[in-house]
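The primary structure of each chain is shown beneath.
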Amino acid sequence: MNLEIITPDKKVFAGEANAVTFPGTEGQFQVLDNHAPLVSTLDVGDVVVETTPGATKQVYRIDGGVVEVLKNKVLVLAEAII
């Protein structure tokens, strides 16, 4: 799936990912390829990006935001990277 993590200042990540874990305001959740469409608010916490199975995961600590998942495209609008 295509993932973009954007803050008001810059684009933090843009590329392919196999799995992404989010700090949702109602609890942590994970998005995989072909996930159902969703929009969710995000709390302060870690967005964990797995680009390939078994590879080192990239972690971005965000200060809240919103995520949209639609047709294998995931867009994260983060308040800030902390």
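Before going into details, it helps to say that this report is about the structure given with it.

Calculation criteria
Residues numbered from 1 in each chain as written. Predicted model: local features only at pLDDT ≥ 70, side-chain atom pairs only at ≥ 80, totals over all residues. Heavy atoms only, no water. Pairing = 2+ DSSP bridges. Helix = DSSP H or I, 4+ residues; strand = E, 2+ residues; numbered from the N terminus. Axes fitted to C-alpha atoms, helices over the stretch in contact; angles between N-to-C directions. Buried < 20%, exposed > 50% of the residue type's maximum accessible area, 1.4 Å probe, protein only. Polar contact = N/O pair within 3.5 Å; in protein donor to acceptor, adjacent residues only side chain to side chain. Contact = heavy atoms within 4.5 Å.

As for the sheet that holds strand 5 (residues 38-50)
- Read from one edge of the open sheet, seven strands run 2-1-7-6-5-3-4, paired in mixed fashion. The sheet is open, and its two borders are formed by strand 2 (11-16) and strand 4 (27-32), each paired with just one other strand. Each strand axis lies, on average, 30° off the axis of its neighbour in the sheet, ignoring direction.
- The sheet contact formed by strand 1 (residues 2-6) and strand 2 spans five bridges and is antiparallel. Residue pairing for strand 2: Ile5 is matched across the bridge by Phe13.

Side note on unusual backbone geometry
- Backbone geometry places Lys71, a non-glycine residue, at a positive phi of 50°.
- Among the structural elements, Lys71 can be located in the loop between strand 6 (58-70) and strand 7 (73-78).
- The phi dihedral of Asn72 is positive, around 65°, even though this residue is not glycine.
- Within the element layout of this structure, Asn72 appears in the loop between strand 6 and strand 7.

A short note on the side chain of Thr21
- Within the element layout of this structure, Thr21 appears in strand 3 (residues 19-24).
- Since its relative accessible area comes to 15%, Thr21 is described here as buried.
- A polar atom in the side chain of Thr21 sits 3.4 Å from the side chain of Gln30.
- Contact partners of Thr21, with chain neighbours within four places excluded, come to Gln28, Phe29, Gln30, Asp46, Val47 and Val48.

Section: the pairing of strand 1
- The side-chain alternation of strand 1 yields one buried face, formed by Leu3 and Ile5, and one unburied face, formed by Asn2, Glu4 and Ile6.
- Where strand 1 meets strand 7, five bridges bridge the pair, whose relative direction is parallel. From the neighbouring strand, Ile6 faces strand 7, where its bridge partner is Leu77.

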